[in-house]
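# Structure at a glance
These are the residues of each chain, in order.
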Amino acid sequence: MDDAPVRTRSRRNPMPVPNHDRHFYSRNRAFGRFGIRIFEPELMPLPHWHGHVELNFAMNFRMDYDFDGTSLTVPEGRLVLFWAGVPHQLTGITPLGDAPMRLANIYLPLDSFLQMRHIMSLQVALIGRGMIVLPQSLCDETQMQRWYADYRSGDFERAEIVKMELNALLRRAAITGFDFLRPPQHEIAQDRSLGSAHVRHVIAMVRFVLENLDKPLLNAQVTAVTGLHENYALSLFSKTMQVPLKQFINRMRLMRARALLVESSTAISAVAEQCGFSSMTQFYAQFRAGYGMPPAALRQHYVRMDLH
C-alpha cells in the first residue's frame, strides 16, 4: 500500500519536494520510512514493492492478495506481516457485515526491523519471502487505533513508544508462536543458498553494516562476520536482499543522513561524518542523486511541512 502523498506548497511560493523515500528506494527493491495509515481499502491495479516490512490489519473485511505470484487470503482481525520488497497486490475485497471497511497499514523500515533483537525466527521467515499471521490474542483493533493516534500526534516520544511496543509484540510472537499464510521459500526451495542458515548470515551482515555506518566499510570486513568465503557471502547477500552489498551500504548511509537531518539539528558536516561519507563532495553528490535536493533543502522541507 502506498504512503500518504507528500504535500507541496502553492505555486506562489514554490519549494522543491524531496523524492519520496519509498519511491527512491523502490527502484532497487530496498528501503523506506516508518509510517501508519488507516484508510478505506482499494484494489491495486498492479503489483508493487517498497522498502518496508509491512503489517496489515483488516477491519470488517478480508483481502485476497497476490504475493510474489502466490494467491493468498488475508483474514479479518489478524495482524499480518510480510517483506514488502516482494511484489504484492491487493486483488480482492470481501466485506464482512455492515460496518465500514478499514485497513490499517504499518510501514516498518527493513533496516529497523532487522536491528530488532530476539525475533530472529520472524526475520528469517520474512526475508525468506514468507507471510506471517499473528494470533488474534496478540493484537486487536483497539491496539491498532492507539498506535495510529500516537503516530498521528506528531509527538516523537509517542512514536518511539509505538516502535518499542511493536518490538515487544514481535518478541512475544516469536515465543508464543505464529502461523504462515505462505511459508518461507527457503523451507521449500531446492536451492541451498536460500536455506535459513544462510539467511541468518545475511541478517548478520546487515546488522554489522548498520552498527558501523560511521566507519569505512570493506566487503571483507562485512562478510567476515559470516565465516563464509567473501565471494560466496557477497553473492548470498545480493541474491537475498536483491541489491549488491556496496549499494546497500550507500543506501543505509543516505537513510541515516536523512534521519539526522530531519530529527535533529546536527550540523550537515557532522551528519556526513557520522554517516561514513569520506568527503563533503561525496556526501552532497550522493544525497542530491538520491533525494533530488541538497541536504539543507531537505531539512527545510521537513521543518516547514505540515505533518498533520
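Throughout this description, residue numbers start from 1 for each chain and increase along the sequence as written. Restriction of local features to residues with pLDDT of at least 70 applies here, the model being predicted, together with a cutoff of 80 or more for giving and counting side-chain atom pairs; totals for whole chains, interfaces and linings are based on all residues. As a rule here, side-chain values cover all heavy atoms of the structure and leave hydrogens and water aside.

## With respect to the packing of aromatic side chains
Cut-off, in case you're wondering: Each Phe, Tyr or Trp ring, with Trp reduced to its six-membered ring, pairs with another whose centre is within 6.5 Å; inter-plane angles below 30 degrees give stacked pairs, above 60 give edge-to-face pairs, and intermediate values give tilted ones. Elements are defined by DSSP. Helices are runs of H or I of four residues or more, strands are runs of E of two residues or more, and each kind is numbered from the N terminus. Buried, partly exposed and exposed residues are distinguished by accessible area as a fraction of the type maximum, computed with a 1.4 Å probe on protein chains only: under 20%, between the cut-offs, and over 50%, respectively.
Tallied over the full model, the rule gives 8 aromatic pairs. Ring plane angle 70° and centroid distance 6.0 Å describe the contact between Phe-283 and Tyr-284, whose orientation is recorded as edge-to-face. Measuring from centroid to centroid gives 5.6 Å for Phe-283 and Phe-287, while their planes differ by 65°, and the two rings are edge-to-face. On the criterion of helical spacing, the pair formed by Phe-283 and Phe-287 is a turn pair, its members being 4 residues apart in helix α11 (residues 280-291). Accessibility expressed as a relative area gives 0% for Phe-287, which makes it buried. Ring-pair connections join several aromatic residues into one group, and the members of that group are Phe-277, Phe-283, Tyr-284 and Phe-287.

## Side note on the pattern of salt bridges
Applicable threshold: A carboxyl oxygen of Asp or Glu within 4 Å of a side-chain nitrogen of Lys or Arg is what we treat as a salt bridge.
Here the structure, examined in full by the defined rule, presents 5 salt bridges. In this structure, Arg-182 engages Asp-68 in a salt bridge whose closest nitrogen and oxygen atoms are separated by 3.1 Å. Note that Arg-182 is positioned in strand β9 (residues 179-182) and Asp-68 in the loop between β3 (61-67) and β4 (70-74), a separation of 114 residues in sequence. Residue class for Arg-182 comes out buried when judged on its relative accessible area of 6%. Arg-158 is paired through a salt bridge with Asp-150; the nearest N and O atoms lie 2.7 Å apart. Relative accessible area serves as the criterion here: at 12%, Asp-150 is assigned to the buried category.

## Quick word on the nonpolar core
Applicable threshold: Throughout this description, the term nonpolar core refers to a set of buried Ala, Val, Leu, Ile, Met, Phe, Trp, Tyr and Cys residues connected via side-chain atoms within 4.5 Å.
Membership of the largest hydrophobic core comes to 88 residues, with the highest contact counts inside it found for Leu-79, Leu-81, Phe-113, Leu-134, Trp-147 and Met-241. The dominant element in this core, judged by the number of residues it contributes, is helix α9 (residues 245-263), at 9 residues.

## What about the environment of Leu-213?
Residue placement: Leu-213 occurs in the loop between α6 (196-211) and α7 (219-223). Considering only alpha carbons, one finds Leu-213 and Ile-249, 36 residues apart in sequence, at a separation of 7.7 Å.

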